[in-house]
Amino acid sequence: NAGVTQTPKFRILKIGQSMTLQCAQDMNHNYMYWYRQDPGMGLKLIYYSVGAGITDKGEVPNGYNVSRSTTEDFPLRLELAAPSQTSVYFCASSSATGGGNTIYFGEGSWLTVV
Amino acid sequence: QKEVEQDPGPLSVPEGAIVSLNCTYSNSAFQYFMWYRQYSRKGPELLMYTYSSGNKEDGRFTAQVDKSSKYISLFIRDSQPSDSATYLCAMSAIIIQGAQKLVFGQGTRLTINP
């Protein structure tokens, strides 16, 4: 019952450092997403992918990069971390059956930039 | 104006009460309307989704959509302490090739008191 797995769960970064948030799903879903959730706010889409090798920007992509070399994995890269990137990050995936299909979320990665 | 507006609460009610949660939206392109439940330190999980105007019932939960008023609601009957969580409304439009862009409300924090 793995579903969407995110690592690490918690991380503290210093300003200017870089890191990668890992995301893996075992449901053979084509679509994968990265969201961030700030306190008291809804989730905002950072990047998404419609399949291996295909990625595109969401609403708030600045300061992030992604890659999708396999169906299962969708890592999110933070370059030159800034305090504004302190947030909770959620990876999600969904199947390729069109709109309305369930989007499954991971348990989140809590990131603090100091 | 935000695309989706949701009263953040917090909302505190006694066990057994009927709970009403609401969201308004401004984008007529939204096609699917969802309610997610998010427990503390966890990812959102899909509770219900609807496509058309009207009501959809699932056990103690009823989702209602009024597209003409751009208004959606979630009703919880016979509320239980285990229903205590943050409830997020979300609406989706297809971005490209079947990928969904979910736009979330801020979330309403609900506490059911025994």
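Draft legend 1. Representation of the pattern of salt bridges in the model. This structure, assessed with the given rule, holds seven salt bridges over all chains. Close ionic contact of E45(B) with R37(B) constitutes a salt bridge, the shortest N to O distance being 3.3 Å. Given the relative accessible area of 33%, E45(B) is considered partly exposed. Between E57(B) and R77(B) there is a salt bridge whose closest N-O contact spans 3.4 Å. A residue pair is termed long-range when its members are at least 10 positions apart, and E57(B) in strand β6 (residues 54-58) and R77(B) in the loop between β8 (71-76) and β9 (85-96) qualify at 20 residues. Its relative accessible area of 58% is what places E57(B) among the exposed residues. Overlapping salt bridges bring together K9(A), E107(A) and K42(B) as one network.

Draft legend 2. Inspection of the interface of chain B and chain A at higher detail. At the interface, 22 residues of chain B touch 25 residues of chain A. Across the chain B/chain A interface, buried area totals approximately 2,100 Å², and carbon plus sulfur atoms make up 57% of it. It is R41(B), Q100(B) and F104(B) in chain B that bury the most area against chain A; as a group they hold 26% of the surface buried on that side. For the interface between chain B and chain A, the tally reads one salt bridge. One salt bridge connects K42(B) with E107(A), and the closest N-O pair in it is separated by 3.4 Å. Of all the secondary structure elements, the ones that give two or more residues to the side of chain B that touches chain A are β4 (32-38), β5 (45-50), β9 and β10 (99-104) of chain B. It is β10(B) that provides the largest number of residues to the side of chain B that touches chain A, a total of five residues. Here the residues of the side of chain B that touches chain A sort into 12 nonpolar, seven polar and three charged.

Rules behind the numbers
Sequence positions are assigned chain by chain, starting from 1 and proceeding in written order. Each chain gets a letter, beginning with A, and each ligand a number, beginning with 1, in the order they are written. Given that the model is predicted, a residue must reach a pLDDT of at least 70 before its local features are reported, and side-chain atom pairs must reach 80 or more before they are shown or counted; all residues, however, enter totals for whole chains, interfaces and linings. Water and hydrogen atoms play no part in the side-chain values, which are based on all heavy atoms of the structure. The salt bridge definition used is simple: a Lys or Arg side-chain nitrogen within 4 Å of an Asp or Glu carboxyl oxygen. Any residue under 20% of the maximum accessible area for its type is buried, any over 50% is exposed, and the rest in between are partly exposed; the area is computed with a 1.4 Å probe on protein chains only. Put simply, DSSP marks the helices as runs of H or I at least four residues long and the strands as runs of E at least two long, and each gets a number from the N terminus on. Whether two residues are in contact is decided by their heavy atoms: any pair within 4.5 Å suffices. Summed over both partners, the accessible surface that disappears when two parts come together, traced with a 1.4 Å probe, is what is meant by buried area. The residue classification treats Ala, Val, Leu, Ile, Met, Phe, Trp, Tyr, Cys and Pro as nonpolar and Asp, Glu, Lys and Arg as charged. All others, Gly included, are polar.

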